[in-house]
Amino acid sequence: MNIKFSSDFKNGVKKHSSINKNIQNKVDMIISDPIGLGEPLKGNFRGFYSAPVKKNFIIIFLYCYVCRKKGDNNIVLCNDCQDCLDDTIKFVAIGPHDKTYATKIKQ
Ligand SMILES: [Zn+2]
């Protein structure tokens, strides 16, 4: 598995250092089963997955195997998808539910 962390994600982890352990656990779980743990998003967020760390606090990630399987890689905002291996997981954003969705659009 190829794992990438966006700078938004890294900043989010720093900002929420009090729950670092929960975040780390969830990241490990996602890496071992990205499809089982992720909830697929729709609309503007098509192709992205979210997974809760705790109530109203989520991780948003991409799994390039899925970007391609759906044939969605032209509309999924996975900017360097073609440079990534199939088994790449990109951790895109982390934080409180509403704010995190807003951040992710910029990416
Ligand atoms: Zn991708």
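That block above? That's the structure.
Report follows, based on the coordinates. Worth saying up front: this structure is predicted, and the values here are computed from it rather than measured.

1. Quick look at unusual backbone geometry
At Asn56, a residue that is not glycine, the phi angle is positive and equals roughly 60°. Structurally, Asn56 is set in the loop between strand S3 (49-54) and strand S4 (57-63).

2. Examining the coordination of the zinc ion
Listed as protein donors to the zinc ion are Cys64 (SG), Cys67 (SG), Cys78 (SG) and Cys81 (SG); their distances from the metal cover 2.2 to 2.5 Å. Considering all 4 donor atoms around the zinc ion, angles at the metal cover 105 to 120° and the coordination shape is tetrahedral. Every donor residue of the zinc ion comes from the same chain, spaced as C-x2-C-x10-C-x2-C. Of this pair, Cys64 sits in helix H4 (residues 64-69) while Cys81 sits in the loop between H4 and strand S5 (88-96), and the two are 17 residues apart along the sequence.

3. Considering the side chain of Lys90
In this fold, Lys90 is placed in strand S5. The class of Lys90 is buried, set by a relative accessible area of 7%. Polar side-chain contacts of Lys90 include one of 2.4 Å to the side chain of Asp80. Beyond its immediate stretch of four places on either side in the chain, Lys90 contacts Lys4, Ile60, Phe61, Leu62, Cys64, Cys78, Asn79, Asp80, Cys81 and Cys84.

4. Description of the state of the cysteines
One way to say it: the disulfide is the covalent bond shared by the sulfur atoms of two cysteines. Scanning the model with the defined rule gives 0 disulfides in all. We note that Cys84 lacks a disulfide partner, and the nearest cysteine sulfur, in Cys64, lies 4.5 Å from it. Using a relative accessible area of 7% as the deciding quantity, one classes Cys84 as buried.

How each quantity is defined
Numbering of residues begins from 1 in every chain and follows the order in which that chain's sequence is written. For this predicted model, a pLDDT threshold of at least 70 governs which residues receive local features, and a threshold of 80 or more governs which side-chain atom pairs are given and counted, while totals over whole chains, interfaces and linings are taken from all residues. Hydrogens and water molecules were not included; the side-chain quantities draw on all heavy atoms of the structure. Runs of E in the DSSP output that reach at least two residues are strands. Runs of H or I that reach at least four are helices, and both are numbered from the N terminus. Each metal's donors are the N, O and S atoms found within 2.8 Å of it, except that Na, K and Ca use a 3.2 Å limit; water is left out, so coordination can look incomplete. Square planar and octahedral sites, with four and six donors, are those where opposite donors lie more than 155 degrees apart and all other angles lie between 65 and 115, tetrahedral sites have four donors with every angle between 85 and 135 degrees, and the rest are irregular. Summary of the burial criterion: residues with accessible area below 20% of their type's maximum are buried, those above 50% are exposed, and those between are partly exposed, where the area comes from a 1.4 Å probe applied to protein chains only. Polar contact criterion, stated in full: a pair of N or O atoms within 3.5 Å, where within protein one must be able to donate a hydrogen and the other to accept it, and residues adjacent in sequence count only if both atoms are side-chain atoms. Two residues qualify as a contact provided that any one of their heavy atoms is within 4.5 Å of a heavy atom in the partner residue. A pair of sulfur atoms, both from cysteines and within 2.5 Å, is called a disulfide here.

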